[in-house]
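# Observations on chain architecture
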Amino acid sequence: MFLSDMEEDLRQRVSKPLSETSRKGYLAAVSASSYSFISLLRHFLPIINPGGATISLTYIASERIIPGYGGGMSSAKAALESDTRVLAFEAGRKHKVRVNTISAGPLGSRAAKAIGFIDMMINYSLENAPLQKELYAEEVGNTAAFLASTLASAITGATVYVDNGLNAMGVGVDSPAFSGLDIPKDNKS
């Protein structure tokens, strides 16, 4: 299967509402997005040095509704976050290894573009996040570097948000319902 075929398959699966997701599609999402991390640790924990760290990537759809992010992916990300906590306990006790996950905000990556509505999510974040700026892959990478370093030697079992603060918002401030409020905006020059 060519990469573009795989991207199209992913787009079709993720865009399918959860209530229309097949068992096969649901299990494929959980397998790819959650079990793959368990399998990785099962094979590599014995050779990771004590004090080492592992990191996975999750998404806010694990705990909030993101219309269009379906096909079982939200459930898979929720499972990954739960598994992160359990694995942090197991890996910490048995191997002295830390286990964390990063919940990245919308990035215009190739994988995200395969889902199909990433540009809309980036624009939503720019309008509604406390920090009104584009999120860069380097910022997610910097957080991963921190979590892997000894600077984070006491952090394990955590979901760390790298999303310009979007996870803290309860509602989108770009809603017409807020048109009469004096909501601060970025003073772009």
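An unreviewed UniProt entry lists the protein chain under the name Enoyl-[acyl-carrier-protein] reductase [nadh], chloroplastic, with Nicotiana attenuata as the source organism. What UniProt states about the protein chain under its Pathway (unreviewed entry) heading is, verbatim, "Lipid metabolism; fatty acid biosynthesis."

## Some words on the pattern of salt bridges
Within this structure, the stated rule accounts for 2 salt bridges. As a salt-bridge pair, lysine 133 and glutamate 139 come within 2.6 Å of each other at their nearest N and O atoms. Of the residues examined, glutamate 139 reaches a relative accessible area of 26% and is grouped as partly exposed.

## Focus on the side chain of threonine 101
Tracing the chain through its elements places threonine 101 in strand β2 (residues 98-104). A polar contact is formed between the side chain of threonine 101 and the side chain of serine 56, at a distance of 2.8 Å. Not counting residues up to four positions away in its chain, the partners in contact with threonine 101 are Ser56, Leu57, Thr58, Leu80, Glu81, Thr84, Ala158, Thr159 and Val160.

## A look at the side chain of asparagine 128
Looking at the secondary structure, you find asparagine 128 in helix α5 (residues 118-128). Accessibility expressed as a relative area gives 2% for asparagine 128, which makes it buried. Within the structure, asparagine 128 has its side chain in polar contact with the backbone oxygen of tyrosine 124 (distance 2.9 Å). Among the polar contacts made by the side chain of asparagine 128, one reaches the main-chain amide nitrogen of aspartate 174 at a distance of 3.0 Å. Other than its neighbours up to four places away in sequence, asparagine 128 contacts Leu166, Met169, Gly172, Val173 and Asp174.

## Considerations on helix α2 (residues 23-44)
Between its terminal C-alpha atoms α2 stretches 29 Å, which fits the 32 Å expected from 22 residues at 1.5 Å a residue. The axis of α2 is deflected most strongly, by about 45°, at tyrosine 35. Within α2, burial applies to Gly25, Ala29, Ser33, Ser34, Phe37, Ser39 and Leu41.

## Remarks on the sheet that holds strand β3 (residues 159-162)
Spatially, β1-β2-β3 is the arrangement adopted by the 3 strands of the open sheet, whose pairing is parallel. Edge positions in the sheet fall to β1 (53-58) and β3, since each has one partner strand and no second. Between one strand and the next, the sheet's axes are offset by a mean angle of 30°, whatever the strand orientation. Of the strand pairs in this sheet, β2 and β3 are connected by 4 bridges, and their pairing is parallel. Note on β3: the bridge partner recorded for serine 103 is tyrosine 161. Here helix α3 (residues 73-95) sits on the sheet and contacts β1, β2 and β3; the angle it forms with β2, its principal contact strand, is near 155°. Of the strands in this sheet, β1, β2 and β3 are in contact with helix α6 (residues 137-148), which crosses β2 at around 165°.

What counts and how
Residues numbered from 1 in each chain as written. Predicted model: local features only at pLDDT ≥ 70, side-chain atom pairs only at ≥ 80, totals over all residues. Heavy atoms only, no water. UniProt positions renumbered as here; feature names shortened; annotations may be inferred. Salt bridge = Lys/Arg side-chain N within 4 Å of Asp/Glu carboxyl O. Buried < 20%, exposed > 50% of the residue type's maximum accessible area, 1.4 Å probe, protein only. Helix = DSSP H or I, 4+ residues; strand = E, 2+ residues; numbered from the N terminus. Polar contact = N/O pair within 3.5 Å; in protein donor to acceptor, adjacent residues only side chain to side chain. Contact = heavy atoms within 4.5 Å. Expected span 1.5 Å × (residues − 1). Bend = angle between axes of the 7 residues up to and from the residue. Pairing = 2+ DSSP bridges. Axes fitted to C-alpha atoms, helices over the stretch in contact; angles between N-to-C directions.

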